Amino acid sequence: MSGELFSEERSAEVVAASFAGTPNPRLTQVMTSLVQHLHAFVKDVELTEEEWGVAIDFLTRTGQMSNEVRQEFILLSDVLGVSMLVETINHRTGGQSTESTVLGPFHMVESPPRALGDDIALDGKGDRCLVSGQVTGPDGEPLAGASVDVWQANEDGFYDVQQPGVQPESNLRGLFTTDDEGRFWFRSIVPKYYPIPDDGPVGELLAATARHPNRPAHLHFIVTAPGYRPVTTHVFVEDSPYLDSDAVFGVKDSLVRAVPEVDDPARAAEVGLPNPFRTLTFDLTLLRGGQTAS
Ligand code: BEZ
Ligand code: FE
């Protein structure tokens, strides 16, 4: 008989050896490491047959809950911190560019192109806010013509795609193009904290582990410019609840901003907002294409 038979002591090595004929070396590396860590985990906690059954049932229901508008597996990856870890490993900045954070499941429709200064708050709810910023490259060069794609939840804590027929289509979404100085600005509302969907298996997991489902108030961004590396990120509101306990671990200190009030009737009239209004300023820096963080 060739090869070694399965035993408790050498389980991982025996299974890893079964991948010896894998043509793709990266797949061999990933599967070998996965098996080593999985077997070590099972041995560490001495998993019972009943617990293994619960896990299989949980993963089965996680798959069954997923469809084109609800991705329960991504949510599971999010609450386990895996999405943030993959994101962070793949987008190291070395302090030279804006830090990234999770994409999240609600960028499922294309944002409508809008003109600078447009109002993206179509449902008339929330504290009015002027959002603005400048997109630059690593040497401070302004990036004219950059795309700034933004989306946020409404005052009630839901994205437009979660409430079709309730919120206007494309509420609180927009695709802007920066001006000659790399600047963008638009009218919106102060972002509000909200719970991630918790009516499925992931919600059960959060409840069983006494964790809340909330994310601190944030506005999503995807910024792209030809010749530069795209950034997928959020800006977080400084005084929001849950900044130190985000359900998906997405907060980074460098992404938190104050949202001060401006009481200036002339300025309010100029930007088309009622006085007083709040302001959220978020400048973004992109690395050059092919540039890696040093
Ligand atoms: C979001 O910020 O839209 C989000 C991120 C992860 C899970 C759920 C929602
Ligand atoms: Fe979000």
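S.K.: Could you clarify how one ought to interpret the pairing of strand 4 (residues 183-189) in this entry?
M.R.: Regular strands place side chains that alternate from one sheet face to the opposite one. Of all seven residues in strand 4, five are buried, a share of seventy percent or more. Bridge count between strand 1 (residues 128-136) and strand 4: seven bridges; the pairing is antiparallel. Its bridge partner lying in strand 4, Ser132 is registered against Trp185.

S.K.: Before we go on, may I ask you to explain the domain arrangement of the protein chain in this structure?
M.R.: By a widely used convention, the size of an interface equals the accessible area lost when the partners come together. Per the domain assignment, the segments of the protein chain are domain 1 (1-47) and domain 2 (73-285). Summarising the inter-unit geometry, the C-alpha centres of domain 1 and domain 2 are found 42 Å apart.

S.K.: What is the right way to read the nonpolar core from this model?
M.R.: Inside soluble globular proteins, nonpolar side chains tend to come together where they are buried. One finds Val135, Val148, Val150, Phe186, Leu219, Phe221 and Leu286 to be the most contacted residues of the largest nonpolar core, which totals 31 residues. At the level of elements, strand 1, strand 2 (147-151), strand 4, strand 7 (218-224) and strand 8 (231-237) are the ones that each hand at least two residues to this core. Considering every element that reaches this core, the biggest residue donor is strand 8, with four residues. Setting aside residues up to four positions removed in sequence, Val135 forms contacts with Glu141, Pro142, Leu143, Ala146, Val148, Thr178, Gly182, Phe184, Val223, Leu284 and Leu286. Counting 11 residues, the second largest nonpolar core, distinct from the first, contains Leu76, Val102, Ala247 and Val248.

What counts, and at which threshold
- Residues numbered from 1 in each chain as written.
- Chains lettered and ligands numbered in written order.
- Predicted model: local features only at pLDDT ≥ 70, side-chain atom pairs only at ≥ 80, totals over all residues.
- Heavy atoms only, no water.
- Buried < 20%, exposed > 50% of the residue type's maximum accessible area, 1.4 Å probe, protein only.
- Helix = DSSP H or I, 4+ residues; strand = E, 2+ residues; numbered from the N terminus.
- Pairing = 2+ DSSP bridges.
- Domains from an automatic or database assignment.
- Core = buried A, V, L, I, M, F, W, Y, C linked by side-chain atoms within 4.5 Å.
- Contact = heavy atoms within 4.5 Å.

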